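Listed here are the chains, written in short residue letters.
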Amino acid sequence: KDGRIEGRDGKEGIEGSEKTSAEYRLLELERKVMVNPKPIKKEGVINVAVAGAGSFAQSVHLPNLQKLAEHYNIQAIVTRTGNNAKQIAKRFGANYCTTDYQEILQDDNVDIVLIATRHYLHAQMAMEAAKAGKAVFLEKPMALNQGELDELVKVLKETQVPFEPRQGRPVYCS
């Protein structure tokens, strides 16, 4: 049954867990957690969603966004694990955190998606963001092979969203 077993209440759950089916439903509902509710949209401020908040994003991108708070608002943090997302969102003052990438693509208040996930996800996530009408800042590499790169370029030409791939050394704000 692909990893699904009965929870301690006798209903279907996830293998290796003692959670009840009601607890599973609660976990499914809690993919998005408000952390620092603040005004959603301020004139002249760009709302950024950061997808992937590993050590590089935490040491470079997020501190830079904080230093440039008069221009950028960290709207959302997306990571694979909710606890990690919440801790990082609190630390950097994001409005909310989520484990669901689609959540930020559907958020009308997100202007740009900064993608700093695992390399194999870069091209696909950038294409999804562009198709959702979001500007994209893409950490390198843009793609893992020529086919992915060609598909990404095609989507970017079709959507005409602002796109910025990071090339070379990062810029540190002081």
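### Examining helix H6 (residues 146-159)
1) Next: Here H6 contains 14 residues, and its C-alpha end-to-end distance of 20 Å stays within 8% of the 20 Å for a straight helix at 1.5 Å per residue.
2) Next: Along H6, the positions that sit buried rather than exposed are Leu152, Val155 and Leu156. One side of H6 carries all its buried residues, which in axial view fall inside an arc of 100 degrees. Those residues of H6 that are exposed and aimed more than 90 degrees away from the buried face are Gln146, Lys154, Lys157 and Glu158.

### Topic: the confidence of the model for the chain
1) Next: This prediction gives the chain a mean pLDDT of 82; 75% of its residues lie at or above 70.
2) Next: Of all secondary-structure elements in the chain, the lowest mean pLDDT belongs to strand S1 (residues 4-6), at 39, while strand S7 (residues 112-115) reaches the highest, 98.
3) Next: Per-residue pLDDT stays below 50 along residues 23-29; that stretch engages in eight contacts with residues further than four places along the chain or on separate chains.

### Digging into the packing of helix H5 (residues 122-131) against H6
1) Next: Packing of H5 against H6 brings their axes to within 9 Å, and their N-to-C directions diverge by 10 degrees. Between H5 and H6, the angle is such that the two are roughly parallel. Along this stretch, H5 crosses H6, giving a crossing that reads as left-handed. Counted together, Ala123, Ala126, Met127, Ala130 and Lys131 of H5 and Glu148, Glu151, Leu152, Val155, Leu156 and Thr159 of H6 form the full contact between these two elements.
2) Next: Considering only residue class, the contact of H5 with H6 consists of seven nonpolar, one polar and three charged.

### Observations regarding the side chain of Asn47
1) Next: As for its position among the elements, Asn47 is in strand S4 (residues 46-51).
2) Next: The exposure class of Asn47 is buried, given its relative accessible area of 2%.
3) Next: Within the local environment of Asn47, its side chain forms a polar contact with the side chain of Asn73, the two groups lying 2.8 Å apart.

### Here's the deal with helix H2 (residues 55-67)
1) Next: Look at H2: 18 Å from first C-alpha to last across 13 residues, which is about the 18 Å you get at 1.5 Å a residue.
2) Next: Within H2, the axis deviates most sharply at His61, by approximately 30 degrees, and proline Pro63 lies no more than four positions further along.
3) Next: For H2, the set of buried residues is Ala57, Gln58, Val60, His61, Leu62, Pro63, Asn64 and Leu65.

### Describing the pattern of salt bridges
Between side chains of opposite charge, a pair can form as their charged atoms come close.
1) Next: In total, this model carries one salt bridge according to the counting rule given.
2) Next: Here Glu139 and Arg166 are joined by a salt bridge, their closest N and O atoms 2.3 Å apart. Within this pair, whereas Glu139 is found in the loop between strand S8 (135-138) and H6, its partner Arg166 is found in the segment after strand S9 (163-165), the two being separated by 27 residues in sequence.
3) Next: Here Glu139 falls in the buried class, since its relative accessible area comes to 7%.

### A short note on the environment of Lys131
1) Next: Note on placement: Lys131 falls in helix H5.
2) Next: Lys131 sits in the exposed class, given a relative accessible area of 59%.
3) Next: Sequence separation between Lys131 and Thr159 is 28 residues, and the spatial gap between their C-alpha atoms is 6.4 Å.
4) Next: Contact partners of Lys131, with chain neighbours within four places excluded, come to Val155 and Thr159.

### Description of the pairing of strand S5 (residues 72-78)
1) Next: A large share of S5 lies buried, amounting to six of its seven residues.
2) Next: Where S4 and S5 come together, six bridges link them in parallel fashion. Bridge pairing links Ala51 to Val78 in S5.
3) Next: Tracing the backbone out of S4, into H2 and back to the parallel element S5 gives a crossover that is right-handed.
4) Next: One ladder, built from three bridges, connects S5 with strand S6 (residues 96-98); its direction is parallel. Among the inter-strand pairings, Ala76 is bridged to a residue of S6, identified as Tyr96.
5) Next: Each parallel crossover has a hand, and the one from S5 via helix H3 (residues 82-92) to S6 is right-handed.

What counts, and where the lines are drawn
- Residues numbered from 1 in each chain as written.
- Predicted model: local features only at pLDDT ≥ 70, side-chain atom pairs only at ≥ 80, totals over all residues.
- Heavy atoms only, no water.
- Helix = DSSP H or I, 4+ residues; strand = E, 2+ residues; numbered from the N terminus.
- Expected span 1.5 Å × (residues − 1).
- Buried < 20%, exposed > 50% of the residue type's maximum accessible area, 1.4 Å probe, protein only.
- Arc of directions from axis to C-beta.
- pLDDT = per-residue confidence, 0-100.
- Contact = heavy atoms within 4.5 Å.
- Axes fitted to C-alpha atoms, helices over the stretch in contact; angles between N-to-C directions.
- Parallel < 35°, antiparallel > 145°, perpendicular 65-115°, else oblique.
- Left-handed = near helix turned anticlockwise from the far one by under 90°.
- Nonpolar A, V, L, I, M, F, W, Y, C, P; charged D, E, K, R; others polar.
- Polar contact = N/O pair within 3.5 Å; in protein donor to acceptor, adjacent residues only side chain to side chain.
- Bend = angle between axes of the 7 residues up to and from the residue.
- Salt bridge = Lys/Arg side-chain N within 4 Å of Asp/Glu carboxyl O.
- Pairing = 2+ DSSP bridges.
- Right-handed = clockwise from strand over helix to strand, strands pointing away.

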